[in-house]
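The chain contents come next:
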Amino acid sequence: MIAVPLFRRTERAADDAARTGRLLEGLESAYAARTGEASDLPLTDFEDVVIEGAMPLAGETYPPAGHTYPKRG
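We now turn to the structure provided with this report. These numbers were taken from a predicted model, which means no experiment stands behind them.

**Thoughts on the packing of helix 1 (residues 13–35) against helix 2 (residues 45–54)**
The relative placement of two packed helices comes down to the angle between their axes together with the axis-to-axis distance.
Here's step 1: Where helix 1 contacts helix 2, the axes come no closer than 11 Å and their chain directions differ by 160°. Considering the angle they form, helix 1 stands roughly antiparallel to helix 2. Two packed elements cross with a definite hand, and for helix 1 against helix 2 that hand is left-handed. Across the interface between the two elements, T20, L23, L24, L27, Y31 and R34 of helix 1 pack against E47, V50, I51 and A54 of helix 2.
Here's step 2: Looking at the contact of helix 1 with helix 2 residue by residue, the class counts come to 7 nonpolar, 1 polar and 2 charged.

Listed below in structure tokens is the structure:
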């Protein structure tokens, strides 16, 4: 068996964007499972927080000035 590191040593913008996309896809699936066919029901507090955290506000840069993508190790 070949040992594969669980985490990469560096992060790139593409890694962050892919992870955010997967998070939002999961949220969409969970919302659909919770609401069924009714897509006009309000978000739960948790769903609202996930969306707020995943989507930067218009005009904001990401990552914020002085912050880089996480580096492990």
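**A look at helix 1**
Here's step 1: For helix 1, with 23 residues, the first-to-last C-alpha span of 33 Å sits near the 33 Å given by 1.5 Å per residue.
Here's step 2: For helix 1, the secondary structure elements touched by its buried residues are helix 2.
Here's step 3: One or two residues past the end of helix 1 sits G36, with phi positive at roughly 70°.

**Quick notes on helix 2**
Here's step 1: Taken residue by residue, helix 2 has E47, V50 and A54 as its buried positions. Buried residues along helix 2 cover an arc of 60° about the axis, so they all sit on one side. For helix 2, the exposed residues set more than 90 degrees away from the buried face come down to D45, V49, E52 and G53.
Here's step 2: Buried residues along helix 2 sit against helix 1.

**Overview of a nonpolar patch on the surface**
Here's step 1: There is a patch of nonpolar side chains on the surface, built from L43, I51 and M55 and spanning about 240 Å² of accessible area.
Here's step 2: Relative to the elements of secondary structure, L43 occurs in the loop between helix 1 and helix 2.

**Observations concerning the side chain of D16**
Here's step 1: Within the secondary structure, D16 is located in helix 1.
Here's step 2: Within the structure, D16 has its side chain in polar contact with the side chain of R19 (distance 3.1 Å).

**Quick notes on the environment of L27**
Here's step 1: Within the fold, L27 resides in helix 1.
Here's step 2: Among the residues examined, L27 registers a relative accessible area of 11% and is labelled buried.
Here's step 3: Between the alpha carbons of L27 and D48 there is a distance of 9.9 Å; along the sequence they are 21 residues apart.
Here's step 4: Those residues in contact with L27, other than ones at most four positions away along the chain, are E47, V50 and I51.

Cut-offs used in this document
- Think of each chain on its own: its residues are numbered from 1, step by step along the sequence as written.
- Only residues with pLDDT of at least 70 are given local features in this predicted model, and only at 80 or more are side-chain atom pairs given and counted; all residues enter the totals for whole chains, interfaces and linings.
- As a rule here, side-chain values cover all heavy atoms of the structure and leave hydrogens and water aside.
- Here the axes come from fitting lines to C-alpha atoms, over the contacting stretch only for helices, and the angles between their N-to-C directions go from 0 to 180 degrees.
- By the criteria applied, helices consist of DSSP H or I runs no shorter than four residues and strands consist of E runs no shorter than two, each listed in order from the N terminus.
- Angles below 35 degrees are treated as roughly parallel, those above 145 as roughly antiparallel, those between 65 and 115 as roughly perpendicular, and all remaining angles as oblique.
- Crossings are sorted by hand: turned counterclockwise from the far helix by less than a right angle, the near helix makes the crossing left-handed, and turned clockwise it makes it right-handed.
- What makes two residues a contact is simply this: any of their non-hydrogen atoms within 4.5 Å.
- Residue classes follow a fixed rule: Ala, Val, Leu, Ile, Met, Phe, Trp, Tyr, Cys and Pro count as nonpolar, while Asp, Glu, Lys and Arg count as charged, and any other residue, Gly among them, counts as polar.
- A helix is expected to reach a length of 1.5 Å times the quantity of its residues less one.
- Buried residues are those whose accessible area, probed at 1.4 Å on protein chains only, stays under 20% of the maximum for their type, while exposed residues exceed 50% and partly exposed ones sit between those limits.
- What the arc measures is the spread of directions leading from the helix axis to the C-beta atoms.
- Within this analysis, patches are made of residues with over 30% relative accessible area and no salt bridge. Like charges are joined at 9 Å or less; nonpolar side chains (Val, Leu, Ile, Met, Phe, Trp, Tyr) at 5 Å or less.
- Each accessible area is a Shrake-Rupley estimate made with a 1.4 Å probe; only the visible protein chains count as cover when residues are assessed.
- Put simply, a salt bridge is a Lys or Arg side-chain nitrogen that is within 4 Å of an Asp or Glu carboxyl oxygen.
- Nitrogen and oxygen atoms within 3.5 Å of one another constitute a polar contact, given that in protein one can donate a hydrogen and the other can accept it, and given that sequence-neighbouring residues count only through two side-chain atoms.

The values reported here are purely geometric and, on their own, carry no functional implication.
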